[in-house]
Amino acid sequence: MSLLSHLRRSTSSQAIIRPSSMRLPSILLGILLLSTPAVSVSAAAQNDYGLPDLGSASGGISNNDEYRIGRAWLRQFRAHVREWGDPITLDWIGGLVRQLAPWSELDDRNFIITLVASSQLNAFAVPGGVVGVNTGLFAFAPDRDAFASVLAHELGHLSQHHFARNMERQAETRLPTLAGFLAGMVIAAGGGGSAGIAAMAGTQAAAISDQLAYSRRFEQEADRVGIEAMSRAGFDPKAMPRMFRAMQRMASLQGNDAPEFLLTHPVTEARIGDSQARADKLKTATPNPLATLSYSLVRARALLALNLRQPEQGLITLRGDSPDPDAIAYYQALALAENNETDKSLAALDRLHDKHPDLTLISASAVEVARDARRYDEATQRAKRLLRLQPDYLPTRLALAEVALQQDPAAARQQLEDILREHSSDPAAWSLASEASGRSGHKAEAFLYRAEFDQLEGRMDRAFAQLKLADEAARKDGDFSMANRISARREDFKGYRNAIDEF
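Residues numbered from 1 in each chain as written. Predicted model: local features only at pLDDT ≥ 70, side-chain atom pairs only at ≥ 80, totals over all residues. Heavy atoms only, no water.

Draft legend 1. Structural context of the overall build of the protein. Looking only at helices and strands, one finds 24 helices and 5 strands in the protein. In the protein, which comprises 503 residues, the proportion classed as buried is 56%. Restricting to contacts in the protein with at least 6 residues of sequence separation, those with at least 24 account for 72%. Here the protein displays about 20700 Å² of accessible surface, and carbon together with sulfur accounts for 49% of that area. (Helix = DSSP H or I, 4+ residues; strand = E, 2+ residues; numbered from the N terminus. Buried < 20%, exposed > 50% of the residue type's maximum accessible area, 1.4 Å probe, protein only. Contact = heavy atoms within 4.5 Å. Areas by Shrake-Rupley, 256 points an atom, 1.4 Å probe, with all protein chains shown as cover.)

Draft legend 2. Examining the pattern of salt bridges more closely. For the structure shown, the criterion picks out 30 salt bridges. Salt-bridge contacts for Asp418 lead to Arg421; the nearest nitrogen and oxygen are separated by 2.1 Å. With a gap of 3 residues between them, Asp418 and Arg421 both fall in helix H20 (residues 409-422), about one helical turn apart. With relative accessibility at 27%, the residue Asp418 sits in the partly exposed group. The exposed category is assigned to Arg421, whose relative accessible area is 61%. Of the charged contacts in the structure, one is a salt bridge between Glu491 and Lys494, with a shortest N-O distance of 3.3 Å. In this pair, Glu491 and Lys494 are both assigned in helix H24 (residues 480-501), 3 residues apart and thus about one turn of the helix distant. Look at the salt bridges and you will find they share partners, linking Asp343, Asp350, Arg375, Glu378 and Arg382 into a network. (Salt bridge = Lys/Arg side-chain N within 4 Å of Asp/Glu carboxyl O.)

Draft legend 3. Molecular detail of unusual backbone geometry. Its identity as a non-glycine residue notwithstanding, Asn340 has a phi of 65°, on the positive side. Mapped onto the elements of the fold, Asn340 is located in the loop between helix H15 (325-338) and helix H16 (342-355). A relative accessible area of 67% means that Asn340 is categorised as exposed. With a phi angle near 65°, Arg374 is a residue other than glycine that sits in the positive phi range. Note that Arg374 resides in the loop between helix H17 (360-372) and helix H18 (376-389).

Draft legend 4. Here's a closer look at the packing of H15 against H16. Look at H15 against H16: their axes get within 8 Å of each other, and the N-to-C directions meet at 155°. Of the possible angle classes, the one that applies to H15 and H16 is roughly antiparallel. Considering only the axes of H15 and H16, their crossing is left-handed. Contacts from Asp326, Ala329, Tyr330, Ala333, Leu336 and Ala337 in H15 reach Lys344, Ser345, Ala348, Leu349, Leu352 and Lys355 in H16. (Axes fitted to C-alpha atoms, helices over the stretch in contact; angles between N-to-C directions. Parallel < 35°, antiparallel > 145°, perpendicular 65-115°, else oblique. Left-handed = near helix turned anticlockwise from the far one by under 90°.)

Draft legend 5. Representation of the pairing of strand S5 (residues 130-134) in the model. Extensive coverage of S5 is indicated by the burial of 5 of its 5 residues. Residue alternation in S5 divides its side chains into two sets, Val130, Gly132 and Asn134 and Val131 and Val133, and both sets are buried. Alignment of strand S3 (residues 112-116) against S5, held across 5 bridges, turns out to be parallel. The residue bridging Val116 from the neighbouring strand is Asn134, located in S5. Of the pairings in the sheet, the one linking strand S4 (residues 123-126) to S5 comprises 4 bridges and is antiparallel in character. Residue pairing for S5: Ala125 is matched across the bridge by Val131. (Pairing = 2+ DSSP bridges.)

Draft legend 6. Region of interest: the nonpolar core. Grouped together as the largest cluster of nonpolar side chains are 81 residues, with contacts concentrated most on Ile93, Leu100, Phe138, Phe147, Leu151 and Met247. If near-sequence neighbours (up to four positions away) are discounted, Leu100 is found in contact with Ala148, Leu151, Ala152, Leu155, Ala229, Met230, Ala233 and Phe235. (Core = buried A, V, L, I, M, F, W, Y, C linked by side-chain atoms within 4.5 Å.)

Draft legend 7. Here's a closer look at the environment of Ala222. Relative to the elements of secondary structure, Ala222 occurs in helix H9 (residues 208-233). Once the C-alpha coordinates of Ala222 and Ser159 are considered, the two residues, 63 residues apart in sequence, prove to be 8.7 Å apart.

Draft legend 8. The packing of aromatic side chains, seen in detail. Enumeration over the complete set of coordinates arrives at 12 aromatic pairs. Each ring, one from Trp73 and one from Phe77, has its centre 4.5 Å from the other, and the planes form 20°; the classification is stacked. One end of the pair is Trp73 and the other is Phe77, both in helix H2 (residues 63-80) and 4 residues apart, which spans about a single turn. Accessibility assignment for this pair places Trp73 and Phe77 in one class, buried. Measuring from centroid to centroid gives 5.8 Å for Phe493 and Tyr496, while their planes differ by 35°, and the two rings are tilted. Taken together, the residues Phe493 and Tyr496, both in helix H24 and 3 residues apart, mark about one turn of the helix. Linked through ring pairs, Trp92, Phe138, Phe147 and Tyr295 together constitute an aromatic cluster. Cation over ring: Arg75 sits above Tyr496, and NZ or CZ is 4.0 Å from the ring centre. (Phe/Tyr/Trp six-rings, centres within 6.5 Å; stacked < 30°, edge-to-face > 60°. Lys NZ or Arg CZ within 6 Å of the ring centre and 35° of its normal.)

Structure, rendered in structure tokens:
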């Protein structure tokens, strides 16, 4: 599966969303939501941060409500946007989030990362542990710490339950308001900007000016918590004010056409000055060359995916920030693979691996190149060699299962069963598992797994249709254990659909 083929659309009947339409209306006011358990900030920590007193960090919305509505939102979101389901990039972002999370006072580390195929600068978080990043953020952030500063800010919002604390002031309309905002986000992301604004305005019309002021205070709090987390997690806290200055320049140049992230997270001189003063007081970690290069390689993947029609343009962007020469070599190796020059691509990747044997993503990239070229035996050998050293590396486990699907569907089915026990929220794994089950003669299971894929992608009508086919196949085979399993999932799916209908 090439870089391009990792693009995932939730339904073929919908037009592909172009990058210019991936904008969320400014009325969102920088709202970021949390699904993790409430975490209060101790008095000592507040003194350390110098944070404004904005009320309880727990808010009035229960964690179950946040989780339920947030996961419904994710299904709706996936049904309306174009995702870039690149396993290597998703794994790298997940590792970065997990590195920052403990220092952001987040106890729940069970995140779902979604990567949106859009050139717009944006990142977001919603209930249910969902953290989203546009591929455009890679184009804008020149280094790992700059990229991390955006996620640290998001996690700062999350750890403080900013949305829930806003809802404390509207006790009688907490859940309707939450659902209204999230529905507006889905509509806007799907290209219906004015409709999205109307949906959200309808839920908050009486309190817009108050929300604006409150949101500014939340932005300050999220900045300060994020900067502290960056320092403690080993990043350069000065990267945040540096990123703010770059965003301010972009906003001044683009005006009303600035990325939505800048409209919902306005950058002012006061905000830059406050973050700079805070960062100056914190410890700056010694740069880790391997981690720095790792970001440059992942950034190269994203830039190539954004510029597949004009790969030279992506290379110009990458070179403009003076990266490690090996990042340039990696970009060129991937571009060779996209041009079907497999031998040259693998040779270049092998040279990089010999130079940086601890960078797993280089070896993983070679596995994918061999797989995409249908060199299945070579891909299998490379994958098994990598997994002996890092057995839990999901991108290569998925690649190996995809190769096995072409040669031994029963083996692929077993591999994917193992993956799904640990990654049950991964749509790609369910899709592969459905195909593996079908090819290995497990018809009812194949329909069930396709239903699981469809419900995660927000296609509930298709999911119920697949469950019906699964039930018919199970009863025809006399497999009543499977039939009972399908019946249980049908009830679960009804709950998912009801949550979506609340929008």
